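One-letter residues, chain by chain:
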Amino acid sequence: MKKIIYNLLLLTFFASCETEIDLKIPGDESPALVVEGYVTEGNPIASVKLTTTIPFNTSGVNPAATNVESVKIKRTDSLGNVSTTILTQSTADPAYYFTNKEFVPSYKDKYELEVKFKGETFVASSEIFQKVKVDSFSYEYQTEKFGQVKGYYVDFSARPQNASVQYFLFEKVKNGKLYYESLNDLINIWDNRLTKQLTFPAPILFGINPQPNQAKAGFDKNKDYPYALGDTLVINTYSIDENVFRYYSDLLQQASSQQGGLGPLFAPPMDNVRGNIKNLNPNGIKVTGIFSARGLNATTIIIK
């Protein structure tokens, strides 16, 4: 009997100690700034996209940042000459800011981005490294075997022209549209530090020849994957700096965890993806994203 009374007292105690907890998730009342900027060798137009985060439990796209006072890019060329360009907001999409056509990035240029937003200053820096040299680019038709679907597959070989170029991003454009079957295909990166190989190895080719998910709705077993006769394929090989490589690597690790993969041990939460943008006021508005100056080699092949 005493034991029953004791248990009832415990239940009464814990019931009386119930407290309503209202967790405040960052971004609900103080949205962070999201920056995505690119300066590409040979491209006369640099772009910067500025949006803000939305509440954690809200669906939809990030809205364009308002109250942006200015967006500038300072360029220091290989001779030490310094120039500053003010970017203009797009009339078609208020989230984007562009340079004019007189802005022509080139190898060894160093760039600094400055964004003034709601009275605070956000900065980032990046450098254009030497682009790679493409040694060979060919294709071959392969039949279905060992789980590989039938279709045309590309063989791509390239090598850095400079030993200091160590990080790379590969982008595939098929028939004028960015092509990928999974996030790993979309963010196809390579770190050349450890291997010191002159040519890019098999993992790069796996990303350039995406394998479709045969269990996914819309898969057509009669269609050639990844490429078919008449396809035009452009491989953009970007030489990127370490900070940008680290950002993409973090995104892939987080996505692996979210999609059921194990991901890295002790993987950081999504808001800890390491970008290269910082607020000069450490106690001010939070910011995430990247600003990337990059070398580019674009190679085109037509399957025929």
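**Some points on the environment of Lys116**
- Following the sequence through the fold, Lys116 ends up in strand β7 (residues 110-117).
- The class of Lys116 is partly exposed, set by a relative accessible area of 28%.
- For Lys116, the residues in contact, after removing those within four places along its chain, are Asn67, Val68, Glu69, Ser70 and Thr121.
- Within the structure, Lys116 has its side chain in polar contact with the side chain of Thr121 (distance 3.0 Å).

**Concerning the sheet that holds strand β3 (residues 68-76)**
- Strand order in the open sheet formed by five strands is β4-β3-β7-β8-β15, and the pairing between neighbours is antiparallel. In this open sheet, the two edge strands, each paired with only one partner strand, are β4 (82-86) and β15 (278-279).
- Pairing between β7 and strand β8 (residues 120-127): eight bridges, direction antiparallel. Paired with Lys116 across the two strands is Thr121, which belongs to β8.

**Concerning the pattern of salt bridges**
- Taken as a whole, this structure holds four salt bridges when the rule is applied.
- The closest approach of N and O atoms between Arg274 and Asp250, which form a salt bridge, is 2.8 Å. Of this pair, Arg274 sits in the loop between α4 (242-258) and β15 while Asp250 sits in helix α4; the two residues are 24 residues apart in sequence, bridging distant segments of the chain.
- Accessibility expressed as a relative area gives 4% for Asp250, which makes it buried.

**Side note on the packing of aromatic side chains**
- Within this structure, the stated rule accounts for 10 aromatic pairs.
- Consider the rings of Tyr167 and Phe245, whose centres lie 4.9 Å apart with planes at 45°: the pair is tilted. Of this pair, Tyr167 sits in strand β11 (residues 167-174) while Phe245 is found in helix α4, placing the two residues 78 residues apart along the sequence.
- Taking 5.7 Å as the distance between ring centres and 65° as the angle between the ring planes, the aromatic pair formed by Tyr179 and Tyr227 counts as edge-to-face. Of this pair, Tyr179 sits in the loop between β12 (177-178) and α2 (183-186) while Tyr227 is found in the loop between α3 (202-208) and β14 (232-240), placing the two residues 48 residues apart along the sequence.
- Residue classification places Tyr179 among the buried residues on the basis of a relative accessible area of 9%.
- One aromatic cluster in this structure is built from Phe137, Phe156 and Phe170.
- Positioned over the ring face of Tyr179 is Lys174, at 3.9 Å from the centre of the ring.

**Some words on the nonpolar core**
- Counting 24 residues, the largest nonpolar core has Leu33, Val39, Leu50, Val71, Ile73 and Leu113 as the members making the most contacts within it.
- Those elements that place two or more of their residues in this core are β1 (33-40), β2 (47-52), β3, β7, β8 and β16 (287-302).
- In this view, Leu113 contacts Val35, Val48, Val71, Lys72, Ile73, Phe122, Val123, Ala124, Ile277 and Phe291; residues no more than four positions away in its chain are not counted.
- The next biggest cluster of nonpolar side chains, apart from the first, holds 21 residues, and it includes Phe137, Val149, Tyr153 and Phe168.

**Here's the deal with unusual backbone geometry**
- Looking along the chain, the bond that leaves Tyr225 and enters Pro226 is cis, with omega of -5°.
- Position of Pro226 among the secondary structure elements: in the loop between α3 and β14.
- In this model, Lys108 sits at a positive phi of 75°, which is unusual for a non-glycine residue.
- Turning to its location among the elements, Lys108 is positioned in the loop between β6 (96-98) and β7.
- What makes Lys108 partly exposed here is its relative accessible area of 44%.

Criteria and cut-off values
Each chain has its residues counted from 1, following the order in which its sequence is written. Residue-level local features of this predicted model are given only where pLDDT is at least 70; pairs of side-chain atoms are given and counted only at 80 or more, and the full residue set underlies all totals for whole chains, interfaces and linings. As a convention, hydrogens and water are excluded, and side-chain values are obtained from all of the structure's heavy atoms. Only DSSP runs of H or I with at least four residues qualify as helices, and only runs of E with at least two residues qualify as strands; both kinds are numbered from the N terminus onward. Burial classification: accessible surface area is computed with a 1.4 Å probe over protein chains only, and a residue below 20% of its type maximum counts as buried, one above 50% as exposed, and the rest as partly exposed. What makes two residues a contact is simply this: any of their non-hydrogen atoms within 4.5 Å. For the purposes of these results, a polar contact is taken to be a pair of N or O atoms within 3.5 Å, where, inside protein, one atom must be able to donate a hydrogen and its partner to accept one; residues adjacent in sequence count only when each atom of the pair is a side-chain atom. At least two DSSP bridges between two strands are needed for those strands to be called paired. A pair is scored as a salt bridge if a Lys or Arg side-chain nitrogen falls within 4 Å of a carboxyl oxygen belonging to Asp or Glu. Ring pairs shown here join Phe, Tyr and Trp side chains whose ring centres sit within 6.5 Å, with only the six-membered ring taken for Trp; geometry is labelled stacked below 30 degrees between planes, edge-to-face above 60, and tilted in between. The rule for a charge over a ring is simple: NZ of Lys or CZ of Arg within 6 Å of the ring centre, and within 35 degrees of the ring normal. Among buried residues, the Ala, Val, Leu, Ile, Met, Phe, Trp, Tyr and Cys ones that are joined through side-chain atoms within 4.5 Å form a nonpolar core.

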